[in-house]
Amino acid sequence: MIVRDILSIAYRALRSNKLRSGLTMLGLIIGVAAVILLTSFGQGVGNSVNNAIAPIANSITVVPKESPIPGGPPSKPLTDEDEQAIAKLSGVAELVPQVTGATTGAAGQVSKAVTASVPAAHFTSAAVTGTTANFLSANQKTVSAGRFFTPEEERTGAKVAVLGPDIATALYGPDPTAALGKQLRLTHALFKVIGLMPSYGKAGDNAIVMPLKAARAGVFGYGDGGDEITSIVVKCTSVPAVKHVEARITQLMMDQHQINDPKYADFQVQDQGSRMKTFVDLINLITNFVPAIAAISLLVGGIGVLNIMLVSVTDRTREIGTRKAIGASDGAILSQFVLEAITLAGLGGLIGAAIGVGLILLTKLLIPLLGASGFLSSFSPVLSAPPVVVAFTISLAIGLVAGGYPAWRAAQLNPIEALRYE
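Reading the values: rules and limits
Residues numbered from 1 in each chain as written. Predicted model: local features only at pLDDT ≥ 70, side-chain atom pairs only at ≥ 80, totals over all residues. Heavy atoms only, no water. Helix = DSSP H or I, 4+ residues; strand = E, 2+ residues; numbered from the N terminus. Buried < 20%, exposed > 50% of the residue type's maximum accessible area, 1.4 Å probe, protein only. Contact = heavy atoms within 4.5 Å. Areas by Shrake-Rupley, 256 points an atom, 1.4 Å probe, with all protein chains shown as cover. pLDDT = per-residue confidence, 0-100. Pairing = 2+ DSSP bridges.

*Asks:* Break down the overall build of the chain for me, with residues and values.
*Replies:* Helix and strand counts for the chain come out as 14 helices and twelve strands. Taken across its 422 residues, the chain has 42% of its residues classed as buried. Considering only intrachain contacts with a sequence separation of at least 6, the fraction spanning at least 24 residues in the chain is 79%. Of the roughly 21200 Å² of accessible surface on the chain, a fraction of 62% belongs to carbon and sulfur atoms.

Structure (structure tokens):
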């Protein structure tokens, strides 16, 4: 019997039991679609996470900490001298010193002494960051309206400010752009709003960024001679250089602060990329493990194929006896039932692959239309050939394995006993 005849018989057998065949394929359809979808979504999540942490992969943050010596001398703060020394190290691309703290702001020329008469919508608390003009480039940020302060404004300590969207809305109304060019009072100083930043999360949305010198003198009261720094963000020339630069900064800071034993350090050097590594490893574990869970549904589908093929052999015992009685070989019977199982699994695999690919394309289309923000704005499922091919191949293999035993049973039937079967 040629393959075309065997396929024709297999097709007629499946067509004569449409409902049973459809329900059998359902498990494989769901399994193949789930494997393709979850693999694609997992790769999309992994790419989004990697894109999110890429800007800080080569970053190091230096911050002060309390002295670990009980009753010992107070910790030395970070200063401009520390920053200037770090800037001279090899492997350092740029530095961003920062002075941060919380304060209360008001729209217009409103004195803090008369806060009781100021409407709540025009008086709010905010996080202030005094920094340098390279703050945006070093942190991969932009302004959504207006502009950022210039190196000249940084050098002279110009009283200008860039606002996050929440603080702008709280002080100047529902349209954040209304803040541009307006006056902003912080503590006892008056600042001009020159720019707005887009949303970067809750902390950044309620932030006010200004020149370092202006923040020290006008907000935190350091005076003209104040040189303290809350933190120093160091951008390395490359990710591989991070460990080298981190070790050099640690030794330099110990020398600067006259510390001989690292356990007595009054500062902390934080490798941002390493701090995120555990989180990234967890994400990768999840994205690799979830498709494996989805593959269980393929196994369930395979059990369904096995069950249906066993039932099919039982139902068609007399047919098998008749065919063997007129000369059909054991190989022909075996081929018939194996091909029926493979055809069943193959159709299920094709439909499942089509559904999986279709849902991925639909998701890629809908995400921009829904105006997703934050993490979802950079999320996109990854459609690639390997998961589709692998899932479909597994469905065929399941058909071969699940149909093998029932086919062998059919081939081993005694034709006389098969003809007598009721």
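*Asks:* Explain the confidence of the model for the chain to me, using residue names and the numbers behind them.
*Replies:* Overall, the prediction assigns the chain a mean pLDDT of 79, with 84% of residues at 70 or greater. Ranking the elements of the chain by mean pLDDT puts helix α14 (residues 415-420) last, at 64, and strand β6 (residues 160-163) first, at 94. Of the regions scoring below 50 in pLDDT, residues 110-121 engages in eight contacts with residues more than four places distant in sequence or in other chains.

*Asks:* Describe in detail the pairing of strand β1 (residues 59-64), supporting the description with residues and values.
*Replies:* Burial analysis of β1 places five of its six residues in the buried class, the great majority of the element. Taken together, the four bridges between β1 and strand β11 (residues 231-236) define a ladder with antiparallel strand orientation. Across the sheet, Thr-61 pairs through a bridge with Val-233, a residue of β11. Summarising the sheet, β1 and strand β12 (residues 267-271) pair through five bridges and their orientation is antiparallel.

*Asks:* Can you break down the pairing of β6 residue by residue, with the values?
*Replies:* Alternating residues of β6 divide into Val-160 and Val-162 and Ala-161 and Leu-163, and every residue in both groups is buried. Here β6 runs beside strand β8 (residues 189-196); their pairing, made up of four bridges, is parallel. In the strand pairing of β8, Ala-161 is matched with Val-193. Two elements, β6 and strand β9 (residues 207-211), share two bridges in a ladder whose sense is antiparallel. Across the sheet, Leu-163 pairs through a bridge with Ile-208, a residue of β9.

*Asks:* Pulling in residues and values, what's your account of unusual backbone geometry?
*Replies:* With a phi close to 55°, Gln-140 is a non-glycine residue in the positive phi region. One can find Gln-140 in the loop between α4 (135-138) and β5 (145-146). Even without a glycine there, the phi angle at Gln-258 is positive, about 55°. Within the element layout of this structure, Gln-258 appears in the loop between α9 (242-256) and β12.

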